[in-house]
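Letter by letter, the chains look like this.
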Amino acid sequence: MLHRRAFLQNSTLCLAGFSGLQAADSEAKALVKVGLMTDLHYADKPPTKTRFYREALAKLDEAIEVMNREKPALVVELGDFIDQADSVEKEIEWLQTMESHFAKLSMPRHYVLGNHCVGTLTKQEFAANTKACGGHEVFEAGGVTFLILDACFRSDGTPYARKNFDWKDANIPASQLSWLESELNKASGPVIVFAHQRLDADKAHAVQNAAAVRSLLEKSGKVLAVFQGHSHKNDYQQIAGIHYTTLVAMVEGSGIENNGYTMLDVLADGSLRLNGFRKQVNRTLGR
Ligand SMILES: [Zn+2]
């Protein structure tokens, strides 16, 4: 058995060549590995110019196959899991279809609410048909604290549901800011934040009170990075020493070659490595 395993490992390294050796080397130092995907927008409806709603299922299946092979500790989808239907019933049916595929992951899965997740549905309906908690959430793996934010609130504090909002009016309400501050205080190690709408400076796609959120993240001195979706493109900027990375949307473009998802390694020295698949770019984010 040992011999066989050694042989298999060797052949894998040989096939992968030098980059395979590098990956194996830094894997040893990874505190935790996380799978990421965003903006699938699944819907059983015809495509627009760039959004191929039905193809999201096959793209999800490919990402799941890779993740079940790579075995991250957990997987996070960063919102807009489904797209709008013309009735609540239809949209729940699409959500159940997606969930039946997503449930094939062999590790825990987490959900960030996107504006499209709760465009027609309520947050409770989204949660009732998935493993989502239906709002913000904290969990820990490998000594890293992960915080999921929920910016699907109007500026008056009303939660999104039943088309009661303008998608540009995304906000983190005061009660969630207090929760965030207290979780940041409690965290004993590094912190990674997930949000659907952007917390960096892209105006149109930003959380309206992003500056208040950023100031809490900065004050804690513990946050390594923020991962976000929503604007459907690879993007990156660093603000006050925190990495803000926007991931590519899976719904964009026809064909499996237009898929895009990520394996994120959090390394012991606080640096991060994004191994991007398909349209998701690779990034090395230093400490
Ligand atoms: Zn989207």
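The structure displayed is predicted, hence computed values, not measured ones.

**What about the environment of Gly-286?**
- Structurally, Gly-286 can be placed in the segment after β12 (283-285).
- Classification of Gly-286 by relative accessible area gives partly exposed; the value is 43%.
- Note: C-alpha distance between Gly-286 and Gly-270 (16 residues apart in sequence) is 7.5 Å.

**Quick look at the environment of Phe-194**
- Along the chain, Phe-194 falls in strand β6 (residues 191-195).
- Of the residues examined, Phe-194 reaches a relative accessible area of 0% and is grouped as buried.
- Note: C-alpha distance between Phe-194 and Arg-287 (93 residues apart in sequence) is 18 Å.
- Look past the residues within four positions of Phe-194 in its chain and what remains in contact with it is Leu-36, Val-76, Leu-78, Val-112, Phe-146, Leu-147, Ile-148, Leu-149 and Phe-227.

**Here's the deal with the nonpolar core**
- If you look at the biggest cluster of nonpolar residues, it comprises 63 residues, and the most contacted ones within it are Met-37, Leu-199 and Leu-217.
- Within the residue set of this core, elements represented by two or more residues are α2 (56-70), α3 (88-102), α5 (174-186), β6, α6 (210-220), β7 (223-228), β9 (242-246) and β10 (260-267).
- For this core, the element with the highest residue contribution is α2, accounting for 7 residues.
- Setting aside chain neighbours within four positions, we find Met-37 in contact with Leu-60, Ala-63, Met-67, Val-75, Val-76, Glu-77, Leu-78, Phe-102, Met-250 and Tyr-261.
- Core analysis: the next-biggest nonpolar cluster, separate from the first, contains 23 residues, Leu-74, Phe-146, Ile-192 and Leu-264 among them.

**So, the coordination of the zinc ion**
- For the zinc ion, the full set of protein donor atoms is Asp-39 (OD), His-41 (NE2), Asp-80 (OD) and His-232 (NE2), and the range of their distances to it is 2.0 to 2.3 Å.
- The site at the zinc ion holds 4 donor atoms, and with the angles between them running 90 to 172°, its shape is irregular.
- Along the chain, the residues donating to the zinc ion fall in the pattern D-x1-H-x38-D-x151-H. With Asp-39 in the loop between β1 (30-37) and α2 and His-232 in the loop between β7 and β8 (235-239), this residue pair connects regions lying 193 residues apart in the sequence. Residue Asp-39 shares its accessibility class with His-232, and that shared class is buried.

**Things to note about unusual backbone geometry**
- Phi at Asp-80 takes a positive value of approximately 55°, unusual for a residue other than glycine.
- Following the sequence through the fold, Asp-80 ends up in the loop between β2 (74-77) and α3.
- The residue His-230 is not glycine, and still its phi comes out positive at about 75°.
- Within the secondary structure, His-230 sits in the loop between β7 and β8.

**Concerning the side chain of Thr-245**
- Among the secondary structure elements, Thr-245 is positioned in strand β9.
- Classification of Thr-245 by relative accessible area gives buried; the value is 0%.
- Contacts of Thr-245, omitting those with residues within four sequence positions, involve Val-226, Phe-227, Gln-228, Asp-235, Tyr-236, Leu-274, Arg-283 and Leu-285.

**Observations concerning the environment of Pro-108**
- Structurally, Pro-108 can be placed in the loop between α3 and β3 (109-111).
- Of the residues examined, Pro-108 reaches a relative accessible area of 49% and is grouped as partly exposed.
- Sequence separation between Pro-108 and Asn-185 is 77 residues, and the spatial gap between their C-alpha atoms is 25 Å.
- Leaving out residues up to four positions away in the same chain, Pro-108 has contacts with Ala-73, Leu-74 and Val-75.

Parameters at a glance
- Residues numbered from 1 in each chain as written.
- Predicted model: local features only at pLDDT ≥ 70, side-chain atom pairs only at ≥ 80, totals over all residues.
- Heavy atoms only, no water.
- Helix = DSSP H or I, 4+ residues; strand = E, 2+ residues; numbered from the N terminus.
- Buried < 20%, exposed > 50% of the residue type's maximum accessible area, 1.4 Å probe, protein only.
- Contact = heavy atoms within 4.5 Å.
- Core = buried A, V, L, I, M, F, W, Y, C linked by side-chain atoms within 4.5 Å.
- Donors = N, O, S within 2.8 Å, 3.2 Å for Na, K, Ca; no water.
- Tetrahedral: all angles 85-135°; square planar, octahedral: opposite > 155°, others 65-115°.

Any functional reading would require information that these geometric values do not contain.
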